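Breakdown of the fold
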Amino acid sequence: DRLELYGPDHVFANPQEQETYIREWLRHAAMEDAADSKTGIRILFYPARYHSGLKSIFAMGDICAVLRNKKTDDDGDDSSGISSSSSSSSS
């Protein structure tokens, strides 16, 4: 899945590396505010699979429960929306 999404030059050992890549891409695209990990978008990883025919990422399970749990983990801080990126296994 990651090969098709990111190409052969971007292999991530863990979600933190993938988030760093996403934030660097945002900075390069002149989206400094969005790239800031404290005040910009919130990136949440969840079990998902990439469907190449639809070019879409689909959650594996109850994504609403994941979002509720993440909000609770953050002590109820809902000052910004949760922007999601999936973590999927390599194909």
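Note that the structure is predicted; figures quoted are calculated from it, not measured. Position numbers for residues count from 1 along each chain, tracking the sequence in the order it is written. The predicted origin of the model limits local features to residues at a pLDDT of at least 70 and limits the giving and counting of side-chain atom pairs to 80 or more, whereas totals for whole chains, interfaces and linings rest on all residues. To get the side-chain values, all heavy atoms of the structure are used, and hydrogens and water are removed first.

It is worth spelling out the pattern of salt bridges at this point. Salt bridge criterion: a side-chain nitrogen from Lys or Arg within 4 Å of a carboxyl oxygen from Asp or Glu. Scanning all chains against the criterion turns up three salt bridges. A salt bridge links E19 to R23; its shortest N-O distance comes to 2.9 Å. In this pair, E19 and R23 both sit in helix α2 (residues 15–28), four residues apart, roughly one turn of the helix. Accessibility expressed as a relative area gives 21% for E19, which makes it partly exposed. Residue D62 is joined to R68 by a salt bridge in which the shortest nitrogen-to-oxygen separation is 3.9 Å. A run of DSSP states H or I qualifies as a helix once it reaches four residues; a run of E qualifies as a strand once it reaches two. Both are numbered from the N-terminal end. When accessible area is computed with a 1.4 Å probe and restricted to protein chains, residues below 20% of their type maximum are described as buried, those above 50% as exposed, and intermediate ones as partly exposed.

Our next topic: the environment of K55. When you line up the elements, K55 lands in the loop between β2 (48–51) and β3 (56–59). For the pair K55 and L5, spaced 50 residues apart in sequence, the C-alpha to C-alpha distance is 8.9 Å. By the convention used here, residues are in contact when the closest approach between their heavy atoms is within 4.5 Å. With residues up to four places along the chain from it excluded, the contact list for K55 reads E4 and Y50.

Time to look at the packing of aromatic side chains. When the centres of two rings from Phe, Tyr and Trp lie within 6.5 Å, Trp using its six-membered ring, the rings pair. Their planes under 30 degrees apart give stacked, over 60 give edge-to-face, and anything left gives tilted. Applying the stated criterion to the full structure yields one aromatic pair. Relative to Y21, the ring of F12 has its centre 5.5 Å away and its plane inclined at 55 degrees; by these criteria the two rings are tilted. On the basis of relative accessibility, which here comes to 9%, the residue F12 falls in the buried class.

What follows deals with unusual backbone geometry. At A30, a residue that is not glycine, the phi angle is positive and equals roughly 65 degrees. Within the secondary structure, A30 is located in the loop between α2 and α3 (32–35). Using a relative accessible area of 68% as the deciding quantity, one classes A30 as exposed. Within the chain, K55 stands out as a residue other than glycine whose phi angle is a positive 55 degrees. Of the residues examined, K55 reaches a relative accessible area of 56% and is grouped as exposed.

Moving on, we come to the pairing of β2. Side chains A48 and Y50 project from β2 onto a buried face, and the interleaved R49 and H51 project onto a face without burial. We call two strands paired when DSSP finds no fewer than two bridges between them. Of the pairings in the sheet, the one linking β2 to β3 comprises four bridges and is antiparallel in character. Residue pairing in the sheet places A48 in a bridge with A59 of β3.

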